[in-house]
Amino acid sequence: MIFNLTKEDLTDVVNIHKNNLPSLINFYTNDFIEKFYLHHLRKGDDTVLVGYKEGGELCGFVFATLDVEDMFGSFISQNKTYFIKQTLLALIKHPKYLLYIFQSFFAKGFQQGDSKTQLVYIAVDQKRKGSGIGKKLLEGFEQELRKTKDYYELEVEQNNSALQFYTSKNFKIIREINNILEKKYLMGKKLK
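1. Section: the overall build of the chain
At step 1: Helices and strands together make up the secondary structure of the chain, namely 7 helices and 7 strands.
At step 2: Split into buried and exposed, the 192 residues of the chain put 46% on the buried side.

2. Notes on the sheet that holds strand β2 (residues 47–54)
At step 1: Judged by pairing direction, the sheet is mixed, and its 7 strands sit side by side in the order β1-β2-β3-β4-β5-β7-β6 without closing on themselves. Looking at strand neighbours, the two that pair on one side only are β1 (2–4) and β6 (172–178), the edges of this open sheet. Across the sheet, the mean angle from the axis of one strand to that of its neighbour is 30°, orientation sign disregarded.
At step 2: As defined by bridge partners, β6 adjoins strand β7 (residues 183–190) across 6 bridges and the pair is classed as antiparallel. Bridge pairing in β7 links isoleucine 173 to methionine 187.
At step 3: Its contacts with the sheet place helix α1 (residues 10–20) against β2, β3 (57–65) and β4 (118–124), and it is angled at close to 85° to β3.

3. Looking at the nonpolar core
At step 1: In this structure, Tyr37, Phe61, Phe63 and Tyr121 are the most contacted members of the largest nonpolar core, which totals 26 residues.
At step 2: Of all the elements in the fold, those that place two or more residues in this core are α1, α2 (30–43), β3, α4 (80–93) and β4.
At step 3: The element contributing the most residues to this core is α2, with 5 residues.
At step 4: Ranked by size, the runner-up nonpolar core spans 25 residues in total, among them Leu66, Ile122, Tyr166 and Leu191.

4. Section: the pattern of salt bridges
A side chain with one charge may pair with a side chain of the opposite charge, provided their charged atoms come close.
At step 1: For the structure shown, the criterion picks out 11 salt bridges.
At step 2: We note a salt bridge from lysine 53 to aspartate 9, for which the minimum N-O separation is 3.3 Å. Of this pair, lysine 53 sits in strand β2 while aspartate 9 sits in the loop between β1 and α1, and the two are 44 residues apart along the sequence.
At step 3: Classification of lysine 53 as partly exposed rests on a relative accessible area of 26%.

5. Brief notes about the packing of α1 against α2
At step 1: One can describe the packing of α1 onto α2 by two numbers: an axis separation of 9 Å at closest approach and a directional angle of 120°. Accordingly, the angle class assigned to the pair α1 and α2 is oblique. Two packed elements cross with a definite hand, and for α1 against α2 that hand is right-handed. Note on element contacts: α2 touches α1 through Asn30, Ile33, Glu34, Tyr37, Leu38 and Leu41, opposite Leu10, Thr11, Val13, Val14, Asn15, His17 and Lys18.
At step 2: A breakdown of the residues in the contact of α1 with α2 according to their chemical character gives 7 nonpolar, 4 polar and 2 charged.

6. Some words on the side chain of glutamine 86
At step 1: By secondary structure assignment, the location of glutamine 86 is in helix α4.
At step 2: Discounting residues that sit within four places of it in the chain, glutamine 86 has contacts with Tyr28, Thr29 and Phe32.

7. Quick word on the packing of aromatic side chains
What describes a pair of aromatic rings is the distance from one ring centre to the other and the angle between the planes of the rings.
At step 1: Taken as a whole and judged by the stated rule, the model has 16 aromatic pairs.
At step 2: Aromatic side chains phenylalanine 36 and tyrosine 37 sit 5.6 Å apart centroid to centroid with 70° between the ring planes, which places their arrangement in the edge-to-face category.
At step 3: What makes phenylalanine 36 buried here is its relative accessible area of 0%.
At step 4: Taken together through their ring pairs, the aromatic side chains of Tyr28, Phe32, Phe36, Tyr37, Phe61, Phe63, Phe72, Phe75, Tyr82, Phe83 and Tyr121 make up a single cluster.

Each value, and the rule that gives it
Residues numbered from 1 in each chain as written. Predicted model: local features only at pLDDT ≥ 70, side-chain atom pairs only at ≥ 80, totals over all residues. Heavy atoms only, no water. Helix = DSSP H or I, 4+ residues; strand = E, 2+ residues; numbered from the N terminus. Buried < 20%, exposed > 50% of the residue type's maximum accessible area, 1.4 Å probe, protein only. Pairing = 2+ DSSP bridges. Axes fitted to C-alpha atoms, helices over the stretch in contact; angles between N-to-C directions. Contact = heavy atoms within 4.5 Å. Core = buried A, V, L, I, M, F, W, Y, C linked by side-chain atoms within 4.5 Å. Salt bridge = Lys/Arg side-chain N within 4 Å of Asp/Glu carboxyl O. Parallel < 35°, antiparallel > 145°, perpendicular 65-115°, else oblique. Left-handed = near helix turned anticlockwise from the far one by under 90°. Nonpolar A, V, L, I, M, F, W, Y, C, P; charged D, E, K, R; others polar. Phe/Tyr/Trp six-rings, centres within 6.5 Å; stacked < 30°, edge-to-face > 60°.

In structure tokens, the structure reads:
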């Protein structure tokens, strides 16, 4: 069943995130990731955080923002000291993170014309992959999003097997994003 996630679900969200998503934020601690999601839950209107449960167990989730330009900005501004400390710890443990920071200064991220509404993360627990939960999550997310938006975008690595899944769900490639460490596609989908 698809439902809106709450603060009580965040420990499970973090575990699924850390174990199933190859994302930059994984260089940080579980506490940092939980604070990031909690911040967005509190923002409310510009965040969609839905999950899928079976037998009371969270099997996957979708996190989206209606303002991708501010996704990290508002979190960092409200948690500056914590963010700096956690970033320094991440750099010590994962020097590769320096490449990501370097990349962010030179990469063209959000561009004029891109949608601010973006599906940021969709993750299904490894034990449940191939069971249709990703499809249910995407459909549940789109049903929720349709209430206020008719279009959204997402980024996917060019070598990610999810690329075929998104193509089969009527996403169109908008443009390539060629970063230092990975090549991605920005994909968009009309909901109406």
